[in-house]
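# Working through the structure, step by step
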Amino acid sequence: MTEPDKTINDRQVNDLIGQNNYGDAAKRLIERQKETWPAMSSGYNLLRAIKTKSIQFDGFRFDLQFNPGRYNSSSAMVDKKSINVRKCFLCRENLPKEQEGIIINNYILLANPFPIFPEHFTIASIKHKNQRIKNSFKDLLIFSKIFSKYYTVFYNGPKCGASAPDHLHFQAGSKNTMPLDNGYNFLKGKYGELISDKYNCKIYGINDGLRKIISIEGRKTKELINIFSSFYKEYSYKSDLIEPMMNIHFLYEEETGWRIQIMLRAKHRPEEFYKEGVEKILFSPAACDYGGLCITPLEKDFNRMDQGLLKKIFTELSISDLKFQTLIDNLKSII
Ligand SMILES: [Zn+2]
């Protein structure tokens, strides 16, 4: 069976792509899909009605979103058995009939009908293949650049937040919705340690008491790829996982180049997730939560979240202080 093409047929989108204006083409895709697909417009209407609150820490902020539309995503079963029996929702033949996208290289850009961001996309591989960062890091650099006018692009590892670990995909969301997007420089100044300043790239280790972040700043794709590959080798050393656990944000600015924020993880979900009854918290952090935009699909969990609980959960899910410091020391000696 040949796969349905699913390319959106819209003159404005085609014109914008012809001008290499991917940011505005993506914007237009959302507008078109709101007109032609009721689920999309109702998803965006729901987003306008959600409750939010902010929790302030020393030098940074987490924004919480009570977003019932994300229930399925937060509770998704991603074990091998569950994945094997379900139809892959990112393969083109299984997309809802109204859903259309923009083909870019070997990917299709899709508007997300359950948004967290004012504008939210999934960038799915055309081919059904496993979620892995190793061979897709370069693609993420490209997407973050071509969408940089409006969007931050991010990656969830197969064991830490990807809802389809068997189908390679990334996400893109409106810039500066995650507090870390514009809080980064302050965070780096307060909690960061310079690891390396070579090959026109700067590498930092940032430990803000909740998250352990390795950031790489640079302008040249080749150098960024080499540095990421050294980092990957060191981070995966002695790990028997299919991929060491991480969520990654990719940001690009004309003046400064790329900024890659790698969040280092020890666990997929907090212990509260597996509790029963009122004790249970449906909170399954991924890249956006690590960016300070936390999604709780249930109101009781939204109400319960406070500084102490967030700190407890993020500390549990992130690698330990000792492991982080060892990684920093090793990176200093190899890069
Ligand atoms: Zn698939």
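Everything below is about the structure shown above.
Residue indices begin from 1 for each chain and proceed along its sequence in written order. Local features in this predicted model are restricted to residues of pLDDT 70 or higher, and side-chain atom pairs are both shown and tallied only at a pLDDT of 80 or more, whereas totals for entire chains, interfaces and linings draw on every residue. Computation of side-chain values: all heavy atoms of the structure, hydrogens and water removed.

### Quick notes on the nonpolar core
Grouped together as the largest cluster of nonpolar side chains are 57 residues, with contacts concentrated most on F147, I214, F231, I260 and I262. Elements are defined by DSSP. Helices are runs of H or I of four residues or more, strands are runs of E of two residues or more, and each kind is numbered from the N terminus. Ranked by residues supplied to this core, first place goes to helix α8 (residues 221–235) with six residues. We call two residues in contact whenever any of their non-hydrogen atoms come within 4.5 Å of each other. In contact with I260, not counting residues within four places along its chain, are F137, L141, I214, S215, I216, L224, I248, H249 and F250. Counting residues in each nonpolar core, the second largest holds 25 residues, with L187, I206, M305 and L317 among its members. In plain words, nonpolar cores are sets of buried Ala, Val, Leu, Ile, Met, Phe, Trp, Tyr and Cys residues tied together by side-chain atoms within 4.5 Å. When accessible area is computed with a 1.4 Å probe and restricted to protein chains, residues below 20% of their type maximum are described as buried, those above 50% as exposed, and intermediate ones as partly exposed.

### Re the pairing of strand β6 (residues 151–156)
The buried fraction of β6 amounts to six of the six residues, a majority that puts the element mostly inside the structure. Burial along β6 is two-sided: the face carrying Y151, V153 and Y155 and the face carrying T152, F154 and N156 are both buried. Pairing between strands is defined by DSSP: at least two bridges between them are needed. Summarising the sheet, β6 and strand β7 (residues 169–174) pair through four bridges and their orientation is antiparallel. Bridging across to β7, T152 finds its partner in G173. Relative to strand β11 (residues 246–253), β6 runs antiparallel, the two being bridged by four bridges. Paired with Y155 across the two strands is I248, which belongs to β11.

### Brief notes about the sheet that holds strand β13 (residues 293–296)
Across the sheet, three strands lie side by side as β1-β2-β13; this open sheet has mixed pairing. Each having just a single partner strand, β1 (51–57) and β13 make up the two edges of the open sheet. Recorded for the sheet is a direction-independent mean angle of 25° between the axes of neighbouring strands. Where strand β2 (residues 60–66) lies against β13, four bridges are found, and the strand directions are parallel. Within β13, the residue paired with D63 across the bridge is L293. Every axis corresponds to a line fitted to the C-alpha atoms, with the helix fit spanning only the stretch in contact, and the corresponding angles, defined between N-to-C directions, vary from 0 to 180 degrees.

As far as function goes, none of this settles anything; it's purely spatial.
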